[in-house]
Amino acid sequence: MQEQLVQEITSRVVAALQGSGMVEAPKRVPIGVSARHVHLCREHLEILFGKGYQLNKKKDLMGGQFAAQECVTLVGTKLRAIENVRILGPERKASQVEVAKTDAIRLGVNPPIRESGNTRGSSPIALVGPKGAIYLEEGCIVAKRHIHMSPADAKQFGVVDGQTVKVRFDSGRGGIFEDVQIRVDESFTLEMHIDTDEANGLDVGKTMGILLK
Ligand SMILES: [Zn+2]
């Protein structure tokens, strides 16, 4: 009972201070966990699935992207493979494979941590589809963690596009992710993207991240 009273008083005092601007309200960010996935160019999509093939939408994602119904198999060195890896649409100019570090170890590849789209000099990997296979000389990366937000969110948080911040999790295991990149665009809704290793590492569950600068 006593404890409850103390908590109640504390939260009221904190709320009053936040209202007066003496204490900053925590900047909470929802989390989206990206499992391993593949982006394909038209040429590669046709090799893997056949001429004129169109991806079928399974689920809409932000920024006009979608999870396709189609999956491929990733093959690394010594024919070590991971099956049922989701394709994200729409098609891109260049194919790209995004895996977690644990996936990379399983495949026997050593991809660099990169922003999506920056695949120059990244790891080679092979992809197998129902109609064919391709070998990419480069294109396999571990995605750099980032936060999508609108210009209005950026203004509210006091951050700019390309800036890096820290994000704290008060989850079961808890911890702070450093070097989290801010990405600002009109088409973005507020969400931090981390991979399955990062999510499992801090056991983030449904916890919101707290943006620190
Ligand atoms: Zn993202």
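Residues numbered from 1 in each chain as written. Predicted model: local features only at pLDDT ≥ 70, side-chain atom pairs only at ≥ 80, totals over all residues.

A.B. asks: Explain the domain arrangement of the chain to me, and be specific about the residues and the numbers.
C.D. replies: Per the domain assignment, the segments making up the chain are domain 1 (27-32 + 145-212) and domain 2 (35-143). Averaged C-alpha coordinates put domain 1 and domain 2 at centres separated by 24 Å. On the side of domain 2, 9 residues touch domain 1, which itself brings 9 residues to the contact. Those elements that provide at least two residues to the side of domain 1 that touches domain 2 are strand 14 (191-195) and helix 5 (196-201). (Domains from an automatic or database assignment. Contact = placed C-beta atoms within 7 Å. Helix = DSSP H or I, 4+ residues; strand = E, 2+ residues; numbered from the N terminus.)

A.B. asks: Explain the nonpolar core to me, and be specific about the residues and the numbers.
C.D. replies: With 23 residues, the main nonpolar core has Val38, Val72 and Leu74 as its most contacted residues. Only helix 2 (42-49), strand 5 (66-75), strand 6 (81-89), helix 3 (101-107), strand 9 (123-128) and strand 10 (133-143) provide two or more residues apiece to this core. Listed in part, the 17 residues of the second largest apolar core include Ile31, Met149, Val180 and Ile194. (Core = buried A, V, L, I, M, F, W, Y, C linked by C-beta atoms within 7 Å. Buried ≥ 20, exposed ≤ 12 C-beta atoms within 10 Å, placed from the backbone.)

A.B. asks: Now, about the pairing of strand 14: what can you tell me, with residues and values included?
C.D. replies: Burial analysis of strand 14 places 4 of its 5 residues in the buried class, which makes it a mostly covered element. Where strand 2 (residues 31-34) and strand 14 come together, 4 bridges link them in parallel fashion. Its bridge partner lying in strand 14, Val33 is registered against Ile194. Sheet topology places strand 11 (residues 146-149) next to strand 14; 3 bridges connect them, and they run antiparallel. Among the inter-strand pairings, His148 is bridged to a residue of strand 14, identified as Glu191. (Pairing = 2+ DSSP bridges.)

A.B. asks: I'd like a rundown of the environment of Arg173, residues and numbers included.
C.D. replies: Its place among the elements puts Arg173 in the loop between strand 12 (164-169) and strand 13 (175-184). You can call Arg173 exposed: it has 11 C-beta atoms within 10 Å. Each C-alpha atom, one on Arg173 and one on Asp203, is 5.9 Å from the other, the two residues being 30 residues apart in sequence. If we ignore the near neighbours within four places in the chain, the residues touching Arg173 are Leu202 and Asp203.

A.B. asks: Summarise the sheet that holds strand 14; cite the residues concerned and give the values.
C.D. replies: What the 7 strands build is an open sheet, ordered 1-15-12-13-11-14-2; its pairing is mixed. For this open sheet the edge positions go to strand 1 (27-29) and strand 2, each flanked by a neighbour on one side alone. For this sheet the average axis-to-axis angle between neighbouring strands, irrespective of direction, equals 40°. (Axes fitted to C-alpha atoms, helices over the stretch in contact; angles between N-to-C directions.)

A.B. asks: Could you give an account of unusual backbone geometry, naming the residues involved and the relevant values?
C.D. replies: Cis geometry marks the peptide bond from Gly89 to Pro90, where omega comes out at 0°. Positive phi, normally seen in glycine, also occurs at Lys78, with a value near 55°. In this fold, Lys78 is placed in the loop between strand 5 and strand 6. On the basis of neighbour count, Lys78 is assigned to the exposed category, with 8 C-beta atoms found within 10 Å. Of note, Asn84 is a non-glycine position whose phi angle comes to about 55°, a positive value. Here Asn84 lies in strand 6.

A.B. asks: Outline helix 2, listing residues and values.
C.D. replies: Every buried residue of helix 2 is listed here: His44, Leu45 and Leu48. Buried residues of helix 2, viewed axially, fall in a sector of 105°; they line one side. Packing partners of the buried residues in helix 2 comprise strand 5, strand 9 and strand 10. Positive backbone phi, at 110°, marks Gly50, one or two positions downstream of helix 2. (Arc of directions from axis to C-beta.)

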